[in-house]
Amino acid sequence: MSERRPRPTAKNGRKPVWRRALNPPAATGVTPPAPRADPPEPEPAAASVVQAALYRDGVRVSTPASLADTFRELRDQPSGMAWIGLARPTEAELLSLAAEFDLHPLAVEDAMEAHQRPKLERYGDTLFVVLSAARYLDAAEEVYFGELHVFVGPDFVITVRHGAAPDLSAVRRRMEDTPELLKLGPEAVLYAILDSVVDGYVPVVAGVQNDIDEIETEVFRGDPEVSRRIYELSREMVEFQRATRPLVGMLHGLMAGFAKYGTEEELQRYLRDVADHVTHTSERVDGFRQALTDILTVNATLVTQQQNAEMRALAEAGFEQNEEIKKISSWAAILFAPTLVGTIYGMNFDRMPELHWALGYPFAIVLMAVVCTSLYVIFKRKDWL
């Protein structure tokens, strides 16, 4: 990717290949009118162009104010390199970049849509790289993901950022402070971007490890909200895996391409170091997912044990309550017998058979005692008393 190739231009009013691919003519059977020159592209909004700069031999030589100025100055400097940074660009901006640098329409479409999985694709002499950057938010204790698309050509680097991460201004400052690295060309800028994204995973890994330690404490403390936190962190780890796992294969493919196209050996060593860090991070993320799965299993077991203990306690309380009810019912029945006898003989009717009986009182007392004793024996044998 070291040779400079001519710029594609619209000749005789014809659209470049990428424009025809994005806007194919309708198959109506009617002969289309004679081609005419396209109207000039509208000037892109300045807010989405984060920064555009031209470099020669690792030193910034110009900071154009617009994309049009960048295109013009790059044409005037055959040995220069353009580094254009965009944040949530408009469709018009991406189409103007595609027309100037002959970007493939499929890559342009991916950059427009965002929400792409990390990948590395080659279209001729242009590389298209999709990266997923991560950042740990301490206040919310969650992981935020941003998407970054990078076009790398023989004399240009275009970054399209969707989201707040990563901070590419720091990457640009680092490269400008290291001109001997920047003068290696667009491949060096791609390495620096990859290195920044991968380094951004380090605080995320540390934050997630701290969250897992806290979750383990909450699990054994019996926090009722811990299950929700485990689920949310597990979902973030799935997203983290999607960000890191494809990078391993991407970097190995990129290293093979660097060797194939004779990229500087020093740059290849730097890229191998990034690949080692990515492999380590990917292994840590895999370990986090497994740890969260184990923690969730332990938490489910502890919750089940707690529920069983509560059910056992309720059953024991119910049993004790039932025993008390038996005792109360037994004594109520025993006391009811003398009450019934006393109530009958306390009615004082003149014609009651035993009312004037000399042994009536002793008989009533004995009857009460016999009934009460019999009920007591019966309830005692049934273990109600």
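Residues numbered from 1 in each chain as written. Predicted model: local features only at pLDDT ≥ 70, side-chain atom pairs only at ≥ 80, totals over all residues. Heavy atoms only, no water.

Caption draft 1: Molecular detail of the overall build of the protein chain. Looking only at helices and strands, the protein chain has eleven helices and seven strands in total. Counting across all 385 residues of the protein chain, residues that qualify as buried make up 39%. Here the contacts in the protein chain between residues at least 6 apart in sequence split such that 65% fall between residues at least 24 apart. Of the roughly 21,800 Å² of accessible surface on the protein chain, a fraction of 56% belongs to carbon and sulfur atoms. (Helix = DSSP H or I, 4+ residues; strand = E, 2+ residues; numbered from the N terminus. Buried < 20%, exposed > 50% of the residue type's maximum accessible area, 1.4 Å probe, protein only. Contact = heavy atoms within 4.5 Å. Areas by Shrake-Rupley, 256 points an atom, 1.4 Å probe, with all protein chains shown as cover.)

Caption draft 2: Main features of the packing of helix α8 (residues 201–221) against helix α10 (residues 265–345). Axis separation between α8 and α10 bottoms out at 11 Å; the angle between their running directions is 15 degrees. Between α8 and α10, the angle falls in the class roughly parallel. Judged by the sense of rotation from one axis to the other, the crossing of α8 with α10 is left-handed. Along its contact with α8, which presents Tyr 201, Val 205, Val 208, Gln 209, Ile 212, Ile 215, Glu 216, Val 219 and Phe 220, the element α10 presents Thr 281, Arg 284, Phe 288, Leu 292, Ile 295, Val 298, Asn 299 and Leu 302. Looking at the contact of α8 with α10 residue by residue, the classes come out as twelve nonpolar, three polar and two charged. (Axes fitted to C-alpha atoms, helices over the stretch in contact; angles between N-to-C directions. Parallel < 35°, antiparallel > 145°, perpendicular 65-115°, else oblique. Left-handed = near helix turned anticlockwise from the far one by under 90°. Nonpolar A, V, L, I, M, F, W, Y, C, P; charged D, E, K, R; others polar.)

Caption draft 3: Up close: helix α3 (residues 91–101). With eight of its eleven residues buried, α3 lies for the most part within the structure. Taken as a whole, α3 has its buried residues at Glu 93, Leu 94, Leu 95, Ser 96, Leu 97, Ala 98, Glu 100 and Phe 101. At the exit of α3 stands Asp 102, carrying a positive phi of roughly 55 degrees.

Caption draft 4: The arrangement of the nonpolar core in detail. In terms of nonpolar packing, the biggest core is built from 58 residues, with Leu 131, Met 175, Ile 193, Leu 194 and Phe 240 touching the most fellow members. Ranked by residue count, the leading element in this core is helix α9 (residues 226–260), at twelve residues. Excluding residues within four positions of it along the chain, Leu 194 makes contact with Leu 131, Leu 247, Leu 251, Leu 254, Leu 271 and Val 274. (Core = buried A, V, L, I, M, F, W, Y, C linked by side-chain atoms within 4.5 Å.)

Caption draft 5: Representation of the environment of Gln 51 within the structure. Inspection of the secondary structure puts Gln 51 in strand β1 (residues 49–56). By relative accessible area, Gln 51 is classed as partly exposed at 27%. C-alpha of Gln 51 to C-alpha of Ala 87: the two residues are 36 residues apart in sequence and 9.5 Å apart in space. Ignoring any residue separated from it by four or fewer positions in sequence, one finds Gln 51 in contact with Arg 60, Trp 83, Ile 84, Gly 85 and Arg 172. A distance of 3.0 Å separates the side chain of Gln 51 from the side chain of Arg 172, its partner in a polar contact. (Polar contact = N/O pair within 3.5 Å; in protein donor to acceptor, adjacent residues only side chain to side chain.)

Caption draft 6: Spatial organisation of the packing of α10 against helix α11 (residues 360–381). For the pair α10 and α11, the least separation of the axes is 9 Å and the interaxial angle reads 165 degrees. On the basis of their axis angle, the class for α10 and α11 is roughly antiparallel. Crossing geometry of α10 relative to α11 is assigned as right-handed. When α10 is examined against α11, the residues Ser 330, Trp 331, Ala 333, Ile 334, Ala 337, Pro 338, Val 341, Gly 342 and Tyr 345 are found in contact with a partner set consisting of Phe 363, Ala 364, Leu 367, Met 368, Val 371, Cys 372, Leu 375, Tyr 376 and Phe 379.

Caption draft 7: Helix α5 (residues 168–176), seen in detail. Restricting attention to buried positions, one finds in α5 the residues Leu 168, Val 171, Arg 172 and Met 175. Each buried residue of α5 lies within a common arc of 100 degrees when the element is viewed along its axis, so the set occupies one face. (Arc of directions from axis to C-beta.)

Caption draft 8: Looking closely at the pairing of strand β2 (residues 59–62). Strand direction decides the pairing type here: β1 and β2, joined by three bridges, are antiparallel. In the sheet register, Leu 54 faces β2, and the bridge partner there is Ser 62. In this structure, the hairpin formed by β1 and β2 is closed by a connection of two residues, where Asp 57 is found at a positive phi of approximately 55 degrees. (Pairing = 2+ DSSP bridges.)

Spatial relationships are all this shows, so hold off on functional conclusions.
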